[in-house]
Amino acid sequence: TKRFPTKMPAFRQVGEKQLPNPVLCMAWSPKRDLIALANTAGELLLHRLANFQRVWSLPPNENTGKEITALAWRPDGKILAFSLGDTKLVVLCDAEKAEILHLFPLENPVSCMHWMEVLEESSVLNSFYTSEDESNLFLPKLPTLPKSYSTTSKIFSEEKSDEILNLLGEVRLNILVLGGGSGFVELYAYGMYKIATLPGVPGTCSSLCLSSDLKSLSIITEIRSADNDPEICYIQLDTGLLSDCLPEVTRMARKFTHISTLLQYLRLSLTCMCEAWEDILMQMDLRLTKFVQVSGHCLGPELQALLMNQLTVKGLKKLGQSIETSYSSIQKLVISHLQSGSEALLYHLSEVKGMSLWKQKFQPLGLDSAAIEDAITAVGSFTLKANELLQVIDKSMKNFKAFFRWLYVAMLRMSEEHVPPELNKMTQKDIAFVADFLSEHFSENEELFDRKGKYFNVERVGQYLKDEDEDLVSPPNTKGNQWLKFLQESTHLKESPLLFPSYSQKSLHFVKRMMEGVIELCLQKPAEVIGKSVKQAVCLPLYTVSENTPRTIFLLHVCFSSDCVYSCQDARFYDDETLTVVLRASEEENRGRVLAQLPLGSALSCEEEFNWDPSLRLDQQSGAIPVKGLVLENQWRDLENMKAQFVAVNGIRKVACVLSSNLRHVRVYEMDVEDEEDEERPESQNASSDQDGLEETPAIRGEAEGGETEGGGQRAKEQLESGEALELS
């Protein structure tokens, strides 16, 4: 390859920065001039192209993890996915607000990810794209979730339903592909629903790419053995079932993603209910526990002093209003959120059941109508339990109001204040409500400790919100229920599949977990069937990694007209016709590093053909690979005062980010513009300090158990060299 140094460089530097922590992964947004970075401190950072200005940072979270291993953008640029090695989680983050919208656990840590969009067009798909929102005609819009009641650092404490539902994104199918060690490869439709688990992939994935027509999945994997050095291989998998059944796959995946989103909505609704109940408990524990202790032993001056001096008339009234508000909040959440979410779940599951009965189209994908019917039944049971809770709340509120009215009147009399006539009347039913409230809240036999050792007063509403397997302490009284009596006496209806089981002895949390488990089984079958249909089409060994050989994607020797030989540090596809490379001169040459654009068109038009011998590795056949001369013209730039090592590019946005070998110094470039400034402009002090004050990290050893460089540099460098976070979306 020849270059012409008299030409003005085509790349314009628009930003540069020294970062405090080594960078693990880099990924450009596919739609905007934004780049995401993950560092060794566990932070996720978003920067703009202009001046490399930071937009936001997401600090490490004890609920998610601290070891980010890979990044990928959703094709529309609205969601950023990242994986965590220490917790084996994949997290979906809102790119606008730096908020975690969804996360899911995996069996293995992720080493690489790729998020692609299907570009295939057909009349069937287009009709589905336009009609997909028909559910909006039949289902009401789900209400927005309230802000968290508590101030604890929960992941979703400020979550809103609109943001959760925005996880669905566009109707056009997109798939998040995850790869890791021990042959772990999984595909997630819309980044949420696991549509395939691929068995039999050897080694540890270091890079992967699913074709836009869904016909093939390409993987670069590292295969280790006890006797030989690790071997880097290229594997191509045939994913023809996804391609052949694309309309059916899109419909099924879209429905299952709706279902996954609704389950998340129900979880958050239940979390809000639990927090409202904890607020009730806290108020009662603080104000009324002493009342119970004293009133249980005497009704004389000590109790009177407690009521008048500690509780006070004003304090009692405020307490009553606070607890009543919390009860009302739980009641509203059941009616507006749990019931609405359950109805939407039933709707989408019923549509999936209809798909499963169209066996010609959907049976090859593994849709099982019996499993879907079980899921529908489980959602029905959850709805019944939510309705049961509503009745319990209604009864508890009546008891609560009667008790506080009685206590309020008693305190007014003790303070010799005027008692309003409307409060002075108390019926026999009111007295029964007061008795129920006292026995319900303050019986010493019902004061239990939960598993965390925290005091928990078992009340009829609270027991429904406990996330435990035990039966309800105070199940609803069904004596005299005519409907239940009729069912028990009817031999035909008692075991009818048309009726949802009620699980009268279990809590709402228990029924919710049971429902999630049944739906999960329903979702698993297609992933297994599609995964088993995938076959290996090609397996080509590329090269081995010895202890003294640094890991590189490939070896590229470039000889400029000055007879200086360069080797390739990193390479990325800028677009279908161009390769962006970082080049390094040989040790003997006193030269800097170069960022260059290599046109592939002329190279691929080489007349001489290379016949690959599959019995040999590619590096064993390097002498037979044809050599082609290219002219760079102005498609290169010297990277002065920078030991450049890695590059991330986005050909759609025409941008590149170069990272130094110490993993802290970055520069960003606009690639297809003429630099209006003087080519010899001075570099910043930050740039020179990269070379003067920071030593280059040593070469990476092939063995995974090699020691880390300072600041996590070794692990970061291995990740960047494997290419998992630098792929062009």
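Fair warning: this is a prediction, and the values are worked out from it, not measured in the lab. Think of each chain on its own: its residues are numbered from 1, step by step along the sequence as written. With the structure being a predicted model, the display of local features is reserved for residues of pLDDT at least 70 and the display and counting of side-chain atom pairs for 80 or more, all residues being used for whole-chain, interface and lining totals. Hydrogens and water are ignored here; the side-chain numbers use all heavy atoms of the structure.

A. Expanded view of the side chain of histidine 348. What counts as a helix is a DSSP run of H or I of at least four residues, what counts as a strand is a run of E of at least two, and both are numbered from the N terminus. By the element assignment, histidine 348 lies in helix H7 (residues 313–357). Burial classes follow relative accessibility: with a 1.4 Å probe on protein chains only, a residue under 20% of its type's maximum area counts as buried, one over 50% as exposed, and anything between as partly exposed. Using a relative accessible area of 3% as the deciding quantity, one classes histidine 348 as buried. For histidine 348, the side chain forms a polar contact with the side chain of lysine 255, separated by 3.0 Å. In this view, histidine 348 contacts Ser135, Leu139, Lys255, His258, Ile259 and Leu262; residues no more than four positions away in its chain are not counted. N or O atoms closer than or at 3.5 Å make up a polar contact, with two conditions inside protein: a donor-capable atom paired with an acceptor-capable one, and, for residues adjacent in sequence, both atoms drawn from side chains. Here a residue-residue contact requires only that any non-hydrogen atoms of the pair lie within 4.5 Å.

B. Looking closely at the packing of aromatic side chains. Pairs were defined over the aromatic rings of Phe, Tyr and Trp, the Trp ring being its six-membered one, requiring ring centres within 6.5 Å. Orientation was assigned from the angle between planes: stacked under 30 degrees, edge-to-face over 60, tilted for the rest. A full pass over the atoms with the stated rule returns six aromatic pairs. For the ring pair phenylalanine 104 and tyrosine 188, a centre distance of 4.5 Å and an interplane angle of 25 degrees mean the geometry is stacked. Here phenylalanine 104, found in strand S9 (residues 99–105), pairs with tyrosine 188, found in strand S12 (residues 185–189); they are 84 residues apart in sequence, far enough to count as distant. In this structure phenylalanine 104 comes out as buried when scored by relative accessible area, which is 8%. Judged by relative accessible area, which is 5%, tyrosine 188 ranks as buried.

C. Just the sheet that holds strand S19 (residues 535–544), in detail. Any two strands with at least two DSSP-identified bridges between them are counted as paired. Read from one edge to the other, the open sheet built from four strands follows the order S14-S15-S16-S19, with strand pairing classed as antiparallel. Strands with a single pairing partner mark the edges of an open sheet, and in this sheet they are strand S14 (204–210) and S19. Averaged over all adjacent pairs, the angle separating strand axes in this sheet is 20 degrees, with direction ignored. In terms of strand pairing, strand S15 (residues 216–223) meets strand S16 (residues 231–238) through eight bridges, oriented antiparallel. The residue bridging serine 216 from the neighbouring strand is aspartate 238, located in S16. Fitted lines through C-alpha atoms give the axes, limited to the stretch in contact for helices. The angle between two N-to-C directions lies from 0 to 180 degrees.

D. Quick peek at the environment of asparagine 387. In this structure, asparagine 387 sits in helix H9 (residues 369–414). Side-chain polar atoms of asparagine 387 contact the side chain of glutamine 339, separated by 2.4 Å.

E. Just the nonpolar core, in detail. To form a nonpolar core, buried Ala, Val, Leu, Ile, Met, Phe, Trp, Tyr and Cys residues must be joined to one another through side-chain atoms within 4.5 Å. Core analysis: the biggest nonpolar cluster contains 94 residues, and Leu173, Leu187, Ile195, Met273, Leu508 and Ile519 have the highest contact counts within it. Residue contributions to this core peak at 18 residues, all from H9. Setting aside anything within four residues of it in sequence, one finds leucine 187 in contact with Ile175, Leu176, Val177, Tyr193, Lys194, Ile195, Ala196, Leu198, Leu210 and Leu242. Counting residues in hydrophobic clusters, the runner-up holds 22 residues, among them Ala27, Leu71, Leu89 and Ala98.

F. Geometry of the pattern of salt bridges. Salt bridges are counted wherever a side-chain nitrogen of Lys or Arg sits within 4 Å of a carboxyl oxygen of Asp or Glu. Considering all chains together, one arrives at 17 salt bridges under this definition. Linking arginine 653 and aspartate 33 is a salt bridge whose minimum nitrogen-to-oxygen distance equals 3.0 Å. Of this pair, arginine 653 sits in the loop between strand S25 (644–650) and strand S26 (655–660) while aspartate 33 sits in the loop between strand S2 (23–28) and strand S3 (34–39), and the two are 620 residues apart along the sequence. Overall, arginine 653 belongs to the partly exposed group, its relative accessible area being 32%. Between lysine 361 and glutamate 248 there is a salt bridge; the shortest N-O distance is 3.6 Å. Note that lysine 361 is positioned in helix H8 (residues 359–362) and glutamate 248 in helix H5 (residues 246–295), a separation of 113 residues in sequence. On the basis of relative accessible area, glutamate 248 is assigned to the buried category, the value being 11%. Residues participating in the shared-partner salt-bridge network are Arg267, Lys512 and Glu516.

G. Focus on the sheet that holds S12. Across the sheet, which stays open at both edges, the four strands sit in the order S10-S11-S12-S13 with antiparallel pairing between neighbours. One side of each edge strand has no neighbouring strand; the edge strands of this open sheet are strand S10 (110–117) and strand S13 (193–197). Here the strands of the sheet are splayed against their neighbours by 25 degrees on average, with no regard to which way each runs. When strand S11 (residues 174–180) meets S12, the two strands line up antiparallel, connected through five bridges. Looking at S12, one finds that isoleucine 175 is bridged to alanine 189.

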